[in-house]
Amino acid sequence: MASIQSTSQNNKMTIFFSNYLHSLIQTPHKLRKRMLATWTPDQELNQVRQRSGADMKRKLKWYDLVALGVGGMLGVGVFVTTGKVARDYSGPAVFVSYIIAGISALLSSLCYTEFSVQIPVAGGAFSYLRLTFGEYVGFFAGANILMEYVLSNAAVARSFTDYLSLAFGENNPNSWRVHVEGLTKDYDNLDFPAVALILLLTLCLCHSTKESSMLNLVMTVLHVIFFGFIIIAGFYVGSPKNMVKPSGFAPYGVGKILDGAAIVYFSYIGYDSASTMAEEIQNPSTSLPLGIVGSVVITSVLYCLMALSLCLMVPYNKIQEKASYSVAFHSIGWEWASNVVGAGASLGIVASLLVAMLGQARYLCVIGRARLVPSWLAKVHPSTGTPLNATLFLGVCTASIALFTELDIVIEMISIGTLSVFYLVANALIYRRYVIISKNSPSQVLLFLFLLSASALGVSLSWKLKQEWWGLPLFGGSTITLIVFFHFTVPCLKHPSGWSMPFMPWPPALSIVLNVFLTTTLKMKSFQRFAIWAVSLTLFYIFYGVHSTYQAEEMERVVEEVNMSTSVQPNKLDLQVL
């Protein structure tokens with residue numbers, strides 16, 4: 001009996017590998033058919049969404065969306081990146097880095113807003129790019145978004161441990177971590193409180209979106225009040241002298257301010273999660289613009305004021321990289337405030353984690369609907385209306401990374417992934433408005449996008465390398481001239497209904513330029529890691545994704561043909577009777 005079962009298992013494995021090998025041989029044909037395959041908004045809203053089984057429940061209002069956006073961003077940037085950027089990059093001018101990053105995030109948020117109103121699905125940038133540039137670009141963007149979410153959530157969860165230990169009076173942020181001898185440096189401090197927090201929030205998100213949103217709303221209101229306390233206290237006890245001492249307002253130069261802007265861009269991860277709530281928001285055509293743009297503006301103002309308050313309290317060279325606000329209050333003799341800040345920062349980090357984990361599960365759910373990852377990740381639980389499998393899977397992945405990995409390992413990797421996705425979304429909006437909506441020549445628009453990216457790269461490298469004085473005015477002037485020429489020579493129509501981006505093509509074009517500029521300020525190691533990640537994604541798509549989506553499309557085509565034949569057959573019988 002055992003030998004029969006063993007033979008049966010061997011036969012099954014042989015058949016599996018034979019079928020897979022046959023499928024691999026067809027890879028070039030499948031790539032030609034699927035790589036640039038696009039969907040219509042109607043297909044995305046109806047046919048693809050049905051693959052999840054149950055629908056997500058529309059329970060959220062516009063103020064829920066603002067709170068989700070603000071809650072998702074606050075706590076991530078100020079409490080994770082401000083200290084490092086102020087000390088090592090921008091000095092007292094760190095608030096200028098936040099302004100630059102905020103402008104870029106605002107332009108990107110406007111691009112997201114138009115897409116989310118016209119295509120109100122949970123897939124965010126993945127869906128927008130798949131509908132515009134095809135399956136592979138959509139998958140590449142979606143996978144980058146998931147990477148940035150998982151890594152940033154792991155980093156933020158570890159910061160939670162830093163601040164919570166300070167709230168309980170511990171001066172060493174690593175006091176609540178377990179040091180393990182023999183593990184590689186930066187991976188040897190195990191963070192069990194961070195793991196516990198992630199798993200607890202994962203269970204909360206599995207239960208209900210509306211209850212999770214209400215919890216976030218309460219925490220966000222308390223967090224904004226807490227921000228107000230830090231800002232007022234910092235301006236009250238701080239000294240304007242700290243803005244110019246010991247080495248001036250921009251001690252490392254203007255270039256470092258821009259480098260800092262690329263790093264604090266990490267702080268704006270979160271607003272795009274509001275767009276993933278499109279299937280759960282009531283009246284998306286008005287609620288989504290208010291929620292996405294409003295949250296970016298509110299957060300940018302608070303970030304700048306918080307950064308100013310920190311630099312007023314402590315000279316930039318004495319700011320601590322970890323738990324910088326708690327340590328700053330401790331250094332001015334406000335020990336009680338240091339504990340309060342530790343508790344408040346922990347609360348804000350919980351709120352931002354809640355929103356980010358909410359968004360990442362919806363991205364993975366929609367990627368699963370497209371069959372680019374296993375389809376069980378797309379399932380929506382019929383009673384809770386939440387993507388249960390995706391939430392649990394990503395919760396475990398995030399907790400595993402948070403257990404081992406230090407913050408420095410992931411911050412710049414997160415920034416380059418975020419910038420690349422926002423760059424693609426801005427390109428997609430121009431292409432969609434000028435080609436799909438306005439019916440202009442695709443080659444004309446693609447040429448403009450290529451020249452715009454090339455001139456933006458010229459501006460960025462001229463600024464970074466500073467080898468020839470004429471490089472910056474030449475490439476800067478050509479960028480402006482190119483946008484002006486395109487604006488006046490290529491017609492653009494607005495959407496017949498819903499919110500549309502004003503002043504096209506200027507906002508998305510400037511977003512492209514800023515994203516390229518900020519990307520070039522990152523370190524070479526970031527590009528090397530990103531290149532490895534991009535190659536890994538491409539291999540996954542070639543060896544799994546394209547075969548899975550091709551098979552799913554073929555099965556759906558067969559089902560449609562069967563349905564059509566069964567619906568036609570009774571009509572023939574009726575004709576015979578007549």
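These numbers come from a predicted model, not from an experiment.

Thoughts on unusual backbone geometry
Step number 1: Here the residue pair Met-504 and Pro-505 is connected by a cis peptide bond, since its omega of 5 degrees sits within 30 degrees of zero.
Step number 2: With respect to the helices and strands, Pro-505 occurs in the loop between helix 20 (471–489) and helix 21 (506–520).
Step number 3: One non-glycine residue, Arg-371, adopts positive backbone phi at about 70 degrees.
Step number 4: Mapped onto the fold, Arg-371 is located in the loop between helix 16 (335–369) and helix 17 (388–404).
Step number 5: Classification of Arg-371 as buried rests on a relative accessible area of 18%.
Step number 6: Here Phe-503, not a glycine, exhibits a phi torsion of approximately 60 degrees, which is positive.
Step number 7: Relative to the helices and strands, Phe-503 is located in the loop between helix 20 and helix 21.
Step number 8: Exposure remark for Phe-503: the relative accessible area of 66% places this residue in the exposed category.

Side note on the confidence of the model for the protein chain
Step number 1: Model confidence for the protein chain is summarised by a mean pLDDT of 80, while 83% of its residues fall at 70 or above.
Step number 2: Low pLDDT, under 50, characterises residues 571–578; the stretch is placed with zero contacts to residues that sit more than four places away or in other chains.

Here's the deal with the pattern of salt bridges
Step number 1: Counted according to the given criterion, the structure contains four salt bridges.
Step number 2: For Arg-34, the salt bridge goes to Glu-135, with nearest N and O atoms at 2.7 Å. With Arg-34 in helix 2 (residues 27–34) and Glu-135 in helix 9 (residues 135–167), this residue pair connects regions lying 101 residues apart in the sequence. The pair Arg-34 / Glu-135 is uniform in exposure class, with both members buried.
Step number 3: A salt bridge links Arg-177 to Asp-191; the shortest N-O distance between them is 2.7 Å. Remark: Asp-191 occurs in the loop between strand 2 (189–190) and helix 10 (192–207) and Arg-177 occurs in the loop between helix 9 and strand 1 (178–179); sequence separation between them is 14 residues. The same class applies to Arg-177 and to Asp-191, which are both buried.

Brief notes about the nonpolar core
Step number 1: If you look at the biggest cluster of nonpolar residues, it comprises 165 residues, and the most contacted ones within it are Phe-79, Tyr-112, Tyr-325 and Ile-430.
Step number 2: Top contributing element to this core by residue count: helix 9, with 18 residues.

Points about the packing of aromatic side chains
Step number 1: In the structure shown here, the tally under the stated rule is 21 aromatic pairs.
Step number 2: Ring centres of Tyr-136 and Phe-140 lie 6.3 Å apart, and the angle between their planes is 35 degrees; this geometry places the pair in the tilted category. Within this pair, Tyr-136 and its partner Phe-140 are both found in helix 9, separated by four residues, close to a single helical turn.
Step number 3: The class for Tyr-136 is buried, based on a relative accessible area of 17%.
Step number 4: Phe-140 gets classed as buried once you look at its relative accessible area, which sits at 14%.
Step number 5: Taken together, a centroid distance of 6.1 Å and an interplanar angle of 85 degrees make the contact between Phe-140 and Phe-530 edge-to-face. Of the two residues, Phe-140 sits in helix 9 while Phe-530 sits in helix 22 (residues 524–577), which places them 390 residues apart along the sequence.
Step number 6: Ring pairing ties together the aromatic residues Tyr-136, Phe-139, Phe-140, Phe-530, Phe-540, Tyr-541 and Tyr-544, which thus form one cluster.

Looking at helix 12 (residues 254–264)
Step number 1: Counting buried positions along helix 12 yields eight of 11 residues, so the element is predominantly enclosed.
Step number 2: Regarding helix 12, the residues found buried are Ile-257, Leu-258, Asp-259, Gly-260, Ala-261, Ala-262, Ile-263 and Val-264.

Parameters and conventions
Residues numbered from 1 in each chain as written. Predicted model: local features only at pLDDT ≥ 70, side-chain atom pairs only at ≥ 80, totals over all residues. Heavy atoms only, no water. Helix = DSSP H or I, 4+ residues; strand = E, 2+ residues; numbered from the N terminus. Buried < 20%, exposed > 50% of the residue type's maximum accessible area, 1.4 Å probe, protein only. pLDDT = per-residue confidence, 0-100. Contact = heavy atoms within 4.5 Å. Salt bridge = Lys/Arg side-chain N within 4 Å of Asp/Glu carboxyl O. Core = buried A, V, L, I, M, F, W, Y, C linked by side-chain atoms within 4.5 Å. Phe/Tyr/Trp six-rings, centres within 6.5 Å; stacked < 30°, edge-to-face > 60°.

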